[in-house]
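Structural overview for review
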Amino acid sequence: MGKIIGIDLGTTNSAFAYMVAGKPEVIANAEGNRTTPSVVAINKSGERLVGQVAQRQRVTNAKNTIYGVKRLIGRKFTDDEVQKDHDIMPYEIVKKGDGVAVRMGDKDYTPEEVSAMILSKIKTDAGAFLGEKYQRPLSPCQHILTILSARQPKMLAR
């Protein structure tokens, strides 16, 4: 049986760990850092960047650099929190069905899709560090479901 990794998908930074002698050990990412910025971008040539490399272009390519997207998960476009972000974020937040999406390049992505891009990088980095491939990191999925279920009563009350 392979090693079990735990992932903390954070709004600002994400981290991942595995168990060593019964204690969690945080894993360094491909850049050698113990946290990975929860940032995704599309550069001018259309290449997707995730983590530190995306963070580096946040000022020079702000319109195509997405950060803080976790707080949009499960929200409706008309929510006050979404409208506040819509007004202050340098990237475009658009309506998609009943929910929201963010525009990167010429394509719209849901917050869940952007989060999946971050998780994919973390999974790849963990595999490289531990020398194994991971098929099913479950921790973040549970976390996202918890966010959605926590917001559900608020939605029903409206």
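Structure: see above.
Summary of the structure given here. Quantities reported herein were computed from a predicted structural model and do not represent experimental measurements.

The rules behind these values
Residues numbered from 1 in each chain as written. Predicted model: local features only at pLDDT ≥ 70, side-chain atom pairs only at ≥ 80, totals over all residues. Heavy atoms only, no water. Helix = DSSP H or I, 4+ residues; strand = E, 2+ residues; numbered from the N terminus. Buried < 20%, exposed > 50% of the residue type's maximum accessible area, 1.4 Å probe, protein only. Contact = heavy atoms within 4.5 Å. Areas by Shrake-Rupley, 256 points an atom, 1.4 Å probe, with all protein chains shown as cover. Core = buried A, V, L, I, M, F, W, Y, C linked by side-chain atoms within 4.5 Å. Pairing = 2+ DSSP bridges. Axes fitted to C-alpha atoms, helices over the stretch in contact; angles between N-to-C directions. Polar contact = N/O pair within 3.5 Å; in protein donor to acceptor, adjacent residues only side chain to side chain.

A closer look at the overall build of the chain
For the chain, the helix and strand inventory stands at four helices and ten strands. Evaluated residue by residue, the chain yields a buried proportion of 43% over its 158 residues. If you take every contact in the chain between residues at least 6 apart in sequence, the share linking residues at least 24 apart comes to 46%. As displayed, the chain has an accessible area near 9100 Å², and 53% of this comes from carbon and sulfur atoms.

Topic: unusual backbone geometry
One can expect most non-glycine residues to show negative phi and most peptide bonds to be in trans. Look at Ala21: it is not a glycine, yet its phi comes out positive at around 50°. For Ala21, the location among the structural elements is in the loop between strand 2 (13-20) and strand 3 (23-26). In this structure Ala21 comes out as exposed when scored by relative accessible area, which is 80%.

Points about the environment of Thr60
Turning to its location among the elements, Thr60 is positioned in the loop between helix 1 (52-56) and strand 7 (65-67). Residue classification places Thr60 among the exposed residues on the basis of a relative accessible area of 64%. Distance from Thr60 to Asn43, taken between C-alpha atoms, is 9.9 Å for residues 17 residues apart in sequence.

Focus: the nonpolar core
Grouped together as the largest cluster of nonpolar side chains are 33 residues, with contacts concentrated most on Ile93 and Val102. Where this core is concerned, the elements lending two or more residues are strand 1 (5-8), strand 2, strand 5 (39-42), strand 6 (48-50), strand 7, strand 9 (99-104) and helix 3 (111-130). Ranked by residues supplied to this core, first place goes to helix 3 with seven residues. Excluding its chain neighbours within four sequence positions, the residues that come into contact with Val102 are Ile66, Val69, Leu72, Tyr91, Glu92, Ile93, Lys107, Asp108, Tyr109 and Val114.

What about the sheet that holds strand 7?
What the three strands build is an open sheet, ordered 6-5-7; its pairing is antiparallel. Among the strands making up the open sheet, the edge pair consists of strand 6 and strand 7. Sheet twist, expressed as the mean angle between neighbouring strand axes with direction ignored, is 15°. In terms of strand pairing, strand 5 meets strand 6 through three bridges, oriented antiparallel. Bridge pairing in strand 6 links Ile42 to Arg48.

Some remarks on the side chain of Gln57
For Gln57, the location among the structural elements is in the loop between helix 1 and strand 7. Among the polar contacts made by the side chain of Gln57, one reaches the side chain of Thr65 at a distance of 3.3 Å. Setting aside its immediate chain neighbours within four residues, Gln57 contacts Ala41, Ile42, Asn43, Leu49, Ala62, Asn64 and Thr65.

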